[in-house]
Amino acid sequence: MQKEDCIFCKIAKGEIPSTTVYENEDFRVIFDIAPASKGHTLIIPKQHYADIFDMDAQIGGRLFSLATAVAKSLKKELNCEGMNIVQNNGLIAGQTVFHFHLHLIPRYTGDTVNIKWNPGEANQEELKELASIVGKNI
Ligand code: 5GP
Ligand code: ZN
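These remarks concern the structure in this document.

**Focus on the layout of surface pockets**
Then comes step 1: Looking at the largest pocket, its volume works out to about 390 Å³.
Then comes step 2: Contributing to the lining of the largest pocket are 21 residues, with Phe8, Asp32, Ile33, Ala34 and Leu42 lying nearest its centre.
Then comes step 3: Contributing elements (two or more residues each) for the lining of the largest pocket: helix 1 (7-12) and strand 2 (27-31).
Then comes step 4: Among the elements that line the lining of the largest pocket, the one with the most residues is helix 1, at three residues.
Then comes step 5: For the lining of the largest pocket, the residue count by class is eleven nonpolar, nine polar and one charged.

See below:
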């Protein structure tokens, strides 16, 4: 279902132009308008999901199947040395467009992409307890 005033609903459905790399029944694959690096690509579901918490697992599976093919084509054609695959959920996580999208960011020596966090410290007991709690819902 299309959400009114959602820019990615309009882009996904072709109502707003975008540089489309590929599309099928479920997704549109476009180049980011403000690329972090050459070939920065977005995979956008045609149906509106605000974020991953809103999305069903079946479409998630199809999304990653497509992402695998897109990643390989970007690598082959752009000769990138690596790639970050990023997906932001929520304002706190840096999401700015609240229609689910997967970023594929090709990486090159000397590029200016910065995706880093500070490594923390883990308590093994806490990790075990957390694993059993979280694992229950999956
Ligand atoms: P987020 O921060 O939500 O994970 O990423 C949103 C991304 O969408 C940004 O990288 C931004 O450059 C891109 N973007 C926003 N508006 C448009 C648009 O109208 N067209 C395209 N192609 N990309 C957009
Ligand atoms: Zn939308």
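Next comes the rest of the description.
**Thoughts on the pairing of strand 3 (residues 41-45)**
Then comes step 1: Burial of strand 3 is extensive: five of the five residues sit out of reach of the surface.
Then comes step 2: The two faces of strand 3 match: Thr41, Ile43 and Pro45 on one face and Leu42 and Ile44 on the other face are all buried.
Then comes step 3: Alignment of strand 3 against strand 5 (residues 102-107), held across three bridges, turns out to be antiparallel. Note that in strand 5 the partner of threonine 41 across the bridge is leucine 104.

**A word on the sheet that holds strand 4 (residues 82-86)**
Then comes step 1: Pairing is antiparallel across the open sheet formed by five strands, whose spatial order is 1-2-3-5-4. Two strands bound the open sheet, and with one partner strand each, they are strand 1 (20-23) and strand 4. Pairs of neighbouring strands in the sheet enclose a mean axial angle of 20 degrees, with direction left out of account.
Then comes step 2: Contacts from helix 2 (residues 57-78) reach strand 1, strand 2, strand 3, strand 4 and strand 5 within the one sheet, and its direction differs from that of strand 5 by about 20 degrees.

**Focus on unusual backbone geometry**
Then comes step 1: The phi torsion at aspartate 5 lies on the positive side, around 65 degrees, for a residue other than glycine.
Then comes step 2: Residue placement: aspartate 5 occurs in the segment before helix 1.
Then comes step 3: Judged by its relative accessible area of 71%, aspartate 5 falls in the exposed class.
Then comes step 4: Phi at asparagine 79 is positive, roughly 55 degrees, even though this residue is not glycine.

Quick notes on the rules
- Residues numbered from 1 in each chain as written.
- Chains lettered and ligands numbered in written order.
- Predicted model: local features only at pLDDT ≥ 70, side-chain atom pairs only at ≥ 80, totals over all residues.
- Heavy atoms only, no water.
- 1 Å grid on protein atoms, 1.4 Å probe; cavity = no way out; pocket = protein on both sides within 12 Å on 5 of 7 lines; lining within 4 Å.
- Points joined across faces, edges and corners; volume = space filled by probe spheres on them.
- Helix = DSSP H or I, 4+ residues; strand = E, 2+ residues; numbered from the N terminus.
- Nonpolar A, V, L, I, M, F, W, Y, C, P; charged D, E, K, R; others polar.
- Buried < 20%, exposed > 50% of the residue type's maximum accessible area, 1.4 Å probe, protein only.
- Pairing = 2+ DSSP bridges.
- Axes fitted to C-alpha atoms, helices over the stretch in contact; angles between N-to-C directions.
- Contact = heavy atoms within 4.5 Å.

From the geometry alone we can't say anything about function, so treat these as descriptive.
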